[in-house]
Amino acid sequence: MDTLVAPALGTGEIQRRAWQIGTDVAAPAAPDVDEQARFPSETVEALREARLLAALVPRELGGLGASVSEVAGAVRALALHCASSALVLAMHSIEVASLARNGTTGPLQDLLAEVGERQLLLANANSEVGLGGDVSRSFCALVPKEGGYFLDKQTLAISYGEYADAIIANCRRSPEAAETDQVLVVCRPPTLLLEPTSTWDTMGLRGTCSKSFHLTADIDPKMIFPVPFSTIANHGAGQLRQLLLSATWVGLAEAAAAHAHAYVRKAARKEQDKVLPNAIRFSELVLRLQESRSLLDSCTAWYEAVKDDDEAIEDVALAVALRNLKVGASRLAVECATSALTICGIEGFRRDGIFPLDRVIRDAHGGLVMVSNDRQIQDNAAVLRAWKDI
Ligand SMILES: Cc1cc2nc3c(=O)[nH]c(=O)nc-3n(C[C@H](O)[C@H](O)[C@H](O)COP(=O)(O)OP(=O)(O)OC[C@H]3O[C@@H](n4cnc5c(N)ncnc54)[C@H](O)[C@@H]3O)c2cc1C
């Protein structure tokens, strides 16, 4: 698997560390994680040891002070070996970035330092039953109680919720507030309680353990972000979500390509004088892979260029490009996976074959639904129909 996709020598340290964890820990564990639909605890422990859970924590707070493109590279490198593990790193890093950027109060900065020091794992409870992936609204609200607030949220899914040290949730500011008037709050034990309201027996991404939960927690007023949730979402968090989740779909396209590449090279060694049909199909697959990587690279470069500019980060054109990245990368992952199956034939179809593609194909389909592509396309359509230029 190393030939096509292993990080080159010039690749940064963060991506190389993730690749190493991918080969040494995530890949051997992945079949069992998938089979049992269990949390990839050994991989997350390895990420902790390599301090990658604090990749986006500034150096002065004990983190690695990595860039977003470095973390996207790490997510991609891990996804090639275990997409569920990659999603854990991606989702956690999105919350860390939110905290770093918008958690400007002393107590929230202390929490960020705790992530740096103790490698806490953060999860999110954004989607809500009845609202799905529409995070611009909430039904649940902060209810005042002595010493703070109480939150009661019927969540649609919280990935690795039962394994997280803290869960960051959006909710209405008060019971009287409009559905769009939201704040972001940190829920922590011992008052954080999660009662599962579903199982997680899915066709793919089984290691994310993204059950629905009835979440209740007492909320310390110091654990409420000082800016509205809409500001947080528009000023980087929403953009970063699209980027880092998409890095997983790019990594899955790379996983599919790696299987197909190994197959084609093996065949070529036997018939050195002929270019076999599989090699031509593989050449087409590499075009798809290049499209996928380019989508991610161009959007990451755009994000990096404007991330500190409050106006440019909110550019609608960037939002459109990022939704296209999400739709494009998730579709390309599925295309690359099915194309790899055609190339590897029965050896890819057999779960015990030499180039098994079963898990990659199932995981890749998760990208289509993890916030539905139709929702992204609908949002872009609403913007694009009013544009004069594209
Ligand atoms: C692996 C995985 C992990 C997840 N982890 C988390 C997590 O950690 N935290 C969290 O909060 N949530 C999580 N979620 C939930 C996720 O964020 C979405 O809420 C969920 O996938 C539902 O997305 P949806 O509402 O866009 O579409 P669905 O509920 O799947 O909608 C069904 C269909 O309706 C159509 N549709 C719905 N709305 C629209 C619209 N506005 N425009 C056009 N068509 C529409 C689409 O065709 C869509 O396919 C996870 C989901 C998955 C699959």
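Residues numbered from 1 in each chain as written. Predicted model: local features only at pLDDT ≥ 70, side-chain atom pairs only at ≥ 80, totals over all residues. Heavy atoms only, no water.

## Examining the pairing of strand β7 (residues 213–219)
Step number 1: Along β7, six of the seven residues are buried, which leaves the element largely enclosed by surrounding structure.
Step number 2: Direction of pairing for strand β3 (residues 148–155) relative to β7: antiparallel, over a ladder of seven bridges. Directly across from aspartate 152, in β7, lies its bridge partner threonine 216.
Step number 3: Direction of pairing for strand β6 (residues 193–196) relative to β7: antiparallel, over a ladder of four bridges. Residue pairing for β7: leucine 194 is matched across the bridge by leucine 215. (Buried < 20%, exposed > 50% of the residue type's maximum accessible area, 1.4 Å probe, protein only. Helix = DSSP H or I, 4+ residues; strand = E, 2+ residues; numbered from the N terminus. Pairing = 2+ DSSP bridges.)

## Remarks on the site of the ligand
Step number 1: As a structural note, the neighbourhood of the ligand is formed by 22 residues, with Ser127, Gly133, Ser159, Asp374 and Arg375 the closest of them.
Step number 2: One of the side-chain nitrogen or oxygen atoms of asparagine 124 is found 2.9 Å away from a nitrogen atom of the ligand.
Step number 3: One of the backbone nitrogen or oxygen atoms of serine 372 is found 2.9 Å away from an oxygen atom of the ligand.
Step number 4: Against a free-state accessible area of 950 Å², the protein chains account for coverage of 70% of the ligand.
Step number 5: If you list the elements that add at least two residues to the shell around the ligand, you get β1 (122–125) and α12 (373–384).
Step number 6: The element that contributes the greatest number of residues to the shell around the ligand is α12, accounting for three residues.
Step number 7: The residue inventory of the shell around the ligand, partitioned by class, reads ten nonpolar, ten polar and two charged. (Near = heavy atom within 4 Å. Polar contact = N/O pair within 3.5 Å; in protein donor to acceptor, adjacent residues only side chain to side chain. Areas by Shrake-Rupley, 256 points an atom, 1.4 Å probe, with all protein chains shown as cover. Nonpolar A, V, L, I, M, F, W, Y, C, P; charged D, E, K, R; others polar.)

## A closer look at the sheet that holds β6
Step number 1: Ordered by their spatial adjacency, four strands build an open sheet running β2-β3-β7-β6, and the pairing between neighbours is antiparallel. The two strands at the open ends of the sheet, each matched to only one other strand, are β2 (143–145) and β6. Strand-to-strand twist of the sheet, defined as the mean angle between neighbouring strand axes without regard to direction, takes the value 20 degrees.
Step number 2: Inspection of the sheet shows β2 paired to β3 by three bridges, in the antiparallel sense. (Axes fitted to C-alpha atoms, helices over the stretch in contact; angles between N-to-C directions.)

## A few points about the domain arrangement of the chain
Step number 1: Here the chain is described as being made up of domain 1 (2–120), domain 2 (123–223) and domain 3 (229–384).
Step number 2: The distance between the C-alpha centroids of domain 2 and domain 3 comes to 29 Å.
Step number 3: The partner domain 3 presents ten residues to the 15 residues of domain 2 that form the contact.
Step number 4: Carbon and sulfur atoms make up 63% of the area that domain 2 and domain 3 hide from each other, which totals about 1,000 Å².
Step number 5: For the domain 2 face of the interface with domain 3, the top three residues by lost area are Leu184, Met203 and Leu205, together amounting to 48%.
Step number 6: Taken together, domain 2 and domain 3 are joined by zero salt bridges.
Step number 7: The interface formed by domain 2 and domain 3 contains three residue pairs in polar contact (both at pLDDT 80 or more).
Step number 8: Here the element with the most residues in the side of domain 2 that touches domain 3 is strand β5 (residues 182–187); it accounts for three residues. (Domains from an automatic or database assignment. Contact = heavy atoms within 4.5 Å. Buried area = accessible area lost by both parts, 1.4 Å probe. Salt bridge = Lys/Arg side-chain N within 4 Å of Asp/Glu carboxyl O.)

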